[in-house]
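Here are the chains, one letter per residue:
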Amino acid sequence: MFRSALLRSRRPGWALPRIVIAMIGATSACLMRPSDCHAQVAPPAVAYLYIMGKDTIATETIAQASNGVAGVLRYRSQPRIEWRQEGAGHELGTLSLTMFAADAPAGAAPTQRVRLRLVGDSAMAEMRAGSVATTRAFPTIAGALPLLDASVLQEVLLARLTAMRSQSSMALFLMQGAQTITAAVAQAGDTLRVVVAGNEVRAVFDAADGMPSRITTSRNLRVVRASGAVALPAMSAPMPGYDAPAGAPYAAEHVRIPTGRGYDLAATLTRPHGVSKMPVVITISGSGPQERDSRLAILPGYAIFREIADTLGRRGIAVLRFDDRGVGGSGGLETASTMTTAGFADDVRAIVVWLRARTDLDGARIALAGHSEGGVIAPMVASTDPGIKAIVLLAGPAYTGLRVSLFQNRQSVDATPGLTRAQRDPILASVPSRLDSAGKANAWLGFWLTHDPVALAKTVRQPMLVLQGLTDAQVTPEQADTLAAAFRAGGNTTVTVRTFAATNHLFLDDPSGDPAGCASLRNAHVRPEVLGAMADWLAKTLR
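Rules of the game
Residues numbered from 1 in each chain as written. Predicted model: local features only at pLDDT ≥ 70, side-chain atom pairs only at ≥ 80, totals over all residues. Heavy atoms only, no water. Phe/Tyr/Trp six-rings, centres within 6.5 Å; stacked < 30°, edge-to-face > 60°. Helix = DSSP H or I, 4+ residues; strand = E, 2+ residues; numbered from the N terminus. Buried < 20%, exposed > 50% of the residue type's maximum accessible area, 1.4 Å probe, protein only. Core = buried A, V, L, I, M, F, W, Y, C linked by side-chain atoms within 4.5 Å. Salt bridge = Lys/Arg side-chain N within 4 Å of Asp/Glu carboxyl O. pLDDT = per-residue confidence, 0-100. Contact = heavy atoms within 4.5 Å. Pairing = 2+ DSSP bridges. Axes fitted to C-alpha atoms, helices over the stretch in contact; angles between N-to-C directions. Polar contact = N/O pair within 3.5 Å; in protein donor to acceptor, adjacent residues only side chain to side chain.

**Q** Can you explain the packing of aromatic side chains? Please cite residues and give values.
**A** Inspection of the entire model under this criterion finds 2 aromatic pairs. On the basis of an interplanar angle of 70° and a centroid distance of 5.8 Å, the ring pair of tyrosine 50 and tyrosine 75 is categorised as edge-to-face. In this pair, tyrosine 50 is assigned in strand S1 (residues 46-52) and tyrosine 75 in strand S3 (residues 68-75), connecting sequence segments 25 residues apart. Here tyrosine 50 and tyrosine 75 have matching classes, each one buried.

Rendered as structure tokens:
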């Protein structure tokens, strides 16, 4: 899945940023309880449940602290984030973040610390992972507020601060791609309305303490205030493990793969029973830090790589799926400030070397299956390794990141209500220079903006299967044909394109494909037609 840049169609929870895992801010103590701006006794902590359908997917709690607000955000299977936002009155100061592994016990060492200060039109970030510390400056808009995309509650609190300032819009800064996005804000009585890129959030506030009592969104996500302010309820339906299901015709082996660069990758290798020297497929995730199944917090049950591994395991093909660098059980978080798509390709190359050293696998029959950004990484690896047998691209992009970003910025601005043409034109005119500045400050973004998938495709000769959903709003359908033409232009004679009606970027049944409606989809399982087409082609190609 893609990070767009600066302004974008928001996809809360689809993918947390690789740069610092997550960013969260809050408002000042005054915003938590306006009547307590000068109070001497702090109100108690308040806990909230994030509910999708009947499933609690996250919890967040906030409490007034000295000189600001402190809180904890925890999505199921995602890092736990402890944060403190300094502030006084209607002004915000430094945002401090401490990230912990999802299953870290009390007293565990954090995986990363971040301090963020917004000064004029710059965001200054001090980041520390282990013993490695870096400081980066990112361009933004003067007066921007810090935001975590995954925190609906925090978005509402920032909107409340904006309304208290008698403002009708707010600029929000995210570390994810060094982005600044714009939101419209309107308040009527006890109800606050926030709109970002066409996605609406409505919050009703409790008159007694000024805190949100309930929040609804156009993404079918509800945020509900919990009774018992401090004690957070246990997360429902914990994420399944990576073992093979009961009765499966394959085994699951949990392994660690050395990269030769100071960190290992945690992975699961599924191997069919009764097959010797079997072919193997490596799954490669889209953008954002992904665990090995590519699960989504806002869409319980979605696990595209687990479903691929199960399907192929029943067809005699092994599958290696792995936690991205710095995610889950994988090391390498200390490289966060220098991570790029090219670096992730090096991780895949290390996996290929490890697989070829195994005697139970056929090193001459290794295939790569990449989804979204993984569809950029797979050709990068194959172009330098003629021994790769085959490639499957699932919604692989054909356009440069710059072209995608300009398109998504225009979509976002056009979808923001209340903006006049006079306001929109200067915003859009500033995007190219802001992207250029952000790309210079952010290694991943800088590479992504300039990398040309079409030029690379002309150097790849391996058999190629391109899978594309026709309602994909992130990698638009025509890009499949553009890529196929590029592969063929370079001399590749084995290129197959399969398209699927009413299928979105996640390869789910979705007539509209609108990312904002992802959370409301009834079926979180990859379409059987997609899995079948992939399995049939690989079984034939890897014979």
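Next comes the rest of the description.
**Q** Quick rundown of the nonpolar core? Include the residues and the values.
**A** Tyr50, Met170, Val281, Tyr302, Val392, Leu467 and Leu538 are the most contacted members of the largest nonpolar core, which has 89 residues in total. Of the residues forming this core, the biggest block, 7 residues, is contributed by helix H11 (residues 528-541). Formed by 56 residues, the second largest nonpolar core is a distinct cluster that contains Leu269, Ile388, Tyr399 and Val431.

**Q** Hey, could you go over the pattern of salt bridges for me, with residue numbers and the actual values?
**A** Overall, the coordinates contain 24 salt bridges when judged by the stated rule. Between arginine 80 and glutamate 82 there is a salt bridge, with the nearest N and O atoms lying 3.3 Å from each other. Taken together, the shared-partner salt bridges in this structure form one network comprising Glu253, Arg271, Arg358 and Asp360.

**Q** Provide a residue-level description of the confidence of the model for the chain, including the pertinent values.
**A** Taken residue by residue, the chain gives an average pLDDT of 83. The fraction at 70 or more is 86%. Counting interchain partners and residues more than four positions distant, the pLDDT-below-50 stretch residues 1-42 has 198 contacts. Within the model, pLDDT remains below 50 along residues 229-238, and this stretch shows 25 contacts once partners closer than five positions in the same chain are excluded.

**Q** Explain helix H5 (residues 374-383) residue by residue, including any values.
**A** In terms of residue burial, H5 counts as a mostly covered element, since 9 of its 10 residues are buried. Among the residues of H5, those classed as buried are Gly374, Gly375, Val376, Ile377, Ala378, Pro379, Met380, Val381 and Ala382.

**Q** An account of helix H3 (residues 304-313) is needed here, citing residue identities and associated values.
**A** Taking burial as the measure, the 10 residues of H3 include 8 buried ones, the bulk of the element. When H3 is considered as a whole, its buried residues turn out to be Ile304, Phe305, Glu307, Ile308, Ala309, Thr311, Leu312 and Gly313.

**Q** Can you break down the pairing of S1 residue by residue, with the values?
**A** Burial analysis of S1 places 7 of its 7 residues in the buried class, the great majority of the element. Side chains Val46, Tyr48, Tyr50 and Met52 of S1 all project onto a buried face; the interleaved residues Ala47, Leu49 and Ile51 project onto the opposite face, where all are buried too. As judged from the 7 bridges shared by S1 and strand S2 (residues 55-65), these two strands associate in the antiparallel manner. Each bridged residue has a counterpart across the sheet, and for tyrosine 50 the counterpart in S2 is alanine 58. The turn joining S1 and S2, which pair antiparallel and follow one another in sequence, is formed by 2 residues; a positive phi near 65° is taken by glycine 53. Relative to strand S15 (residues 221-225), S1 runs antiparallel, the two being bridged by 5 bridges. The partner of leucine 49 across the bridge, within S15, is valine 224.

**Q** Pulling in residues and values, what's your account of the sheet that holds strand S22 (residues 464-469)?
**A** If you walk across this open sheet you meet the 8 strands as S16-S17-S19-S18-S20-S21-S22-S23, and the pairing is mixed. Both outer strands of the open sheet, strand S16 (250-258) and strand S23 (495-500), are each paired with one neighbouring strand and no more. Neighbour-to-neighbour, the strand axes of this sheet turn through a mean angle of 20°, independent of strand direction. Sitting on the sheet, H3 touches S16, strand S17 (264-272), strand S18 (278-284), strand S19 (318-322), strand S20 (361-371) and strand S21 (390-394), and the angle it makes with S19 is about 165°. Against the sheet, helix H4 (residues 341-356) contacts S16, S17, S18, S19 and S20, and its axis sits at roughly 120° relative to S16.

**Q** Can you lay out the environment of glycine 328 for me, pointing to particular residues and giving the numbers?
**A** Take glycine 328: it is sitting in the loop between S19 and H4. Residue classification places glycine 328 among the exposed positions, given a relative accessible area of 66%.

**Q** Explain the environment of isoleucine 215 residue by residue, including any values.
**A** For isoleucine 215, the location among the structural elements is in strand S14 (residues 212-217). In sequence terms isoleucine 215 and valine 152 are 63 residues apart; their C-alpha atoms lie 8.3 Å from each other.

**Q** Can you lay out the side chain of threonine 541 for me, pointing to particular residues and giving the numbers?
**A** With respect to the helices and strands, threonine 541 occurs in helix H11. From its side chain, threonine 541 meets the backbone oxygen of tryptophan 537 in a polar contact 2.7 Å long. Other than its neighbours up to four places away in sequence, threonine 541 contacts Lys389, Ala390 and Pro463.

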